[in-house]
Amino acid sequence: MSMLLFQPSSCWNTNLVSKIGIWKTKYTINQRKYSSFVPYTTTTSTSKAVSRQGYPLFSCKKQESTVNAIQGEDVPIENSIQTTTTEEPFTSSKELSNNNNHQLKDAVDPGLMDSMKQRKQRAKEEPLCIVVIGASGDLAKKKTFPALFSLYYHDLLPKDFMVVGYARRQLTLEEFRTSIMESLTCRVIDGPQCQQKMDEFLPKCYYMSGMYDKAEDFSRLDELLNNFERRFPNTIRVDRLYYLAVPSQVFESVVSNIHRHGRTERGWNRIVMEKPFGKDIQSYLQLRNSLRHCISEDEIFRIDHYLGKELVQNLMVLRFANYLFEPLWNRDHIASVQIVFKENFGVEGRAGYFDEYGIIRDIMQNHLLQVMALLGMEQPVTLHAEDIRDEKVKFLRCIRTLKASDFILGQYRDRQNPQRSYLSEPGVRTNSNTPTFAACVFHVDNRRWSGVPFLMKAGKALDERKAEIRIQFQSVPGGLFSQAVSAHLPNNELVIRVQPDEAIYMRILSKAPGLTSRLEEARLNLFYRTAWEDSKDIPDAYERLILDVIHGEKSLFIRDDELEVAWNIFTPSLKELERDIWKPILYDYGGRGPIESDYLAAKYGVQWSEGD
């Protein structure tokens, strides 16, 4: 029996002792479906193998770019993914590369990166009602409906579905469909074909006006959904997805009415919630407790769109699928980690919301902290959502509680055009101290990261629009090349650019070409635009996340205890910063932000390196 073996990649991973293996998508025992993880084993017997944990092991068989686990079936050596013989015929490097690519496509097919073909197949199985609560708002028009349309024209929604917009605003059906159409676009198809898809999608969209706290309005909504479901009397399952594009203040009344008057008994009920989830630990716990009597944790999908971004999804693959990085991913080799979020515009229409929450709650406590958790966590036992989220929680619990002294706060102004200053934005309170810029440093008290500063910076109205991660490695010991350069040798740096122009590149030192011994910094580049033709069709984060809701995949969504730990990290510093003695430093619109953030980084021997 030929088995695919994986060897442990790092002595730093305390979770894996004898469980290294590969995921198969599904197998069936006694008519029940399981996700199968093949633990590491050294058995060579031709009889049915048994793991060290006592679970049966399965042979590997290639079929349509997936790995199927077939109980007790021996696979011929020539058809297996990896042979055990030490003698191999000569293969050219080109053939070897092609073979490796085919083997990788055949072997790696876990739920986190399953094939488009499988997703299309699963999407066809059950009729679906999608209800967008708050359908007349900007979030729904700019993100939710365009994402649903994109899933439709990629053939990823069920064959039978309906979309219902629900909001307080009085709109006719024609007005509602017109407002949706204005925001719909096609990334890879245009002209008549795109218009044809829009003409097919819009008749599936309906609108109902109602209040968020009135039971009779939700009863009318339920009757509309029931009329759709009655069209499928012979279908066992018909599902409902509620997308809450509304402020968190109305979560409780909306969820309570969905629980009493909007559930289907014929399939699953899932509710997607957008941040903010409270303003601090106390308000979050109050919100969580108010929802518990209406909905279970399994039915809640707390969305953070940053987890749906292509490069953020790639973090686990980069770390755990490449032998190169994981042995270096620790305090012995990494000097600092920088996570930077910059926007070159102000609050622009969100001033009322932003002035209440500020940049720390809006960006750092959720988006950037989630990125930090994926960077710092240990390798999960499997790719199951709970295993991934368990490791994120473990890492977050190791982060030292933040203090006010860990922050530098700023607020933008425009001396040339005062109307663009933050305090001149409509909806901003007079003399508001809400920060539009923040830089802070995190300390992680565990074996892997002790002593490594994690620096985080986020701001609006800065010099550029960019989100990136920079892992700066330790200096090269010894002075072999110290006489060849006049300055200190720059550290190697791994840069992961989340947006715009997705890229991964390594900054290294190289000898300059020619009759010289001069050293220059160079880059090993992986630019998505040029590396993959498919990069022209990178889906929006909301598309991936909504699709995962439909499929019940929760690895890219935030669990309740994860959010509780995140608020525990930030709440003490937020309360301290909101006292009158802590005022934001003014910085110019279009600049780099307060220079004091450079002093904060220098305190830990680090220099912000974005823009290099």
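Residues numbered from 1 in each chain as written. Predicted model: local features only at pLDDT ≥ 70, side-chain atom pairs only at ≥ 80, totals over all residues. Heavy atoms only, no water.

Going by an unreviewed UniProt entry, the chain carries the name Glucose-6-phosphate 1-dehydrogenase and comes from Galdieria yellowstonensis. Check the Function (unreviewed entry) section of the UniProt entry for the chain; it says "Catalyzes the rate-limiting step of the oxidative pentose-phosphate pathway, which represents a route for the dissimilation of carbohydrates besides glycolysis." (UniProt positions renumbered as here; feature names shortened; annotations may be inferred.)

Caption draft 1: How the structure looks around the side chain of Lys554. Tracing the backbone shows Lys554 in the loop between α13 (541–551) and α14 (560–577). A polar contact is formed between the side chain of Lys554 and the backbone oxygen of Glu297, at a distance of 2.7 Å. A distance of 2.7 Å separates the side chain of Lys554 from the backbone oxygen of Ile300, its partner in a polar contact. The contact partners of Lys554, leaving out residues within four places of it in the chain, are Glu297, Asp298, Ile300, Phe301, Ala385 and Arg389. (Helix = DSSP H or I, 4+ residues; strand = E, 2+ residues; numbered from the N terminus. Polar contact = N/O pair within 3.5 Å; in protein donor to acceptor, adjacent residues only side chain to side chain. Contact = heavy atoms within 4.5 Å.)

Caption draft 2: Layout of unusual backbone geometry. Across the junction of Lys275 and Pro276, the peptide omega takes the value 10°, indicating a cis bond. By the secondary structure assignment, Pro276 is in the loop between β9 (269–274) and α8 (281–292). Residue Asn431 is not a glycine yet carries a positive backbone phi of 60°.

Caption draft 3: Broad picture of the sheet that holds strand β14 (residues 454–459). Spatial strand order, β18-β17-β16-β15-β11-β14-β13-β12-β19: nine strands in an open sheet with mixed pairing. Among the strands making up the open sheet, the edge pair consists of β18 (519–527) and β19 (585–588). Taken pair by pair, the neighbouring strands of this sheet meet at an average axis angle of 20°, ignoring direction. As defined by bridge partners, strand β12 (residues 407–413) adjoins strand β13 (residues 437–442) across four bridges and the pair is classed as antiparallel. The partner of Gly410 across the bridge, within β13, is Phe437. Across the sheet, helix α9 (residues 310–320) is in contact with β15 (466–473), β16 (493–499) and β17 (503–511); its angle to β16 comes to roughly 145°. In this fold helix α10 (residues 351–376) packs onto β11 (334–342), β12, β13, β14 and β15, with an angle of close to 145° to the strand it touches most, β14. (Pairing = 2+ DSSP bridges. Axes fitted to C-alpha atoms, helices over the stretch in contact; angles between N-to-C directions.)

Caption draft 4: Examining the nonpolar core more closely. Counting residues in hydrophobic clusters, the biggest one holds 158 residues, and the most contacted among them are Leu244, Ile360, Met364, Met372, Phe442 and Phe570. For this core, the element with the highest residue contribution is α10, accounting for 13 residues. Beyond its immediate sequence surroundings of up to four residues, Ile360 is in contact with Gln365, Phe407, Leu409, Ala438, Phe570, Leu574 and Leu577. (Core = buried A, V, L, I, M, F, W, Y, C linked by side-chain atoms within 4.5 Å. Buried < 20%, exposed > 50% of the residue type's maximum accessible area, 1.4 Å probe, protein only.)

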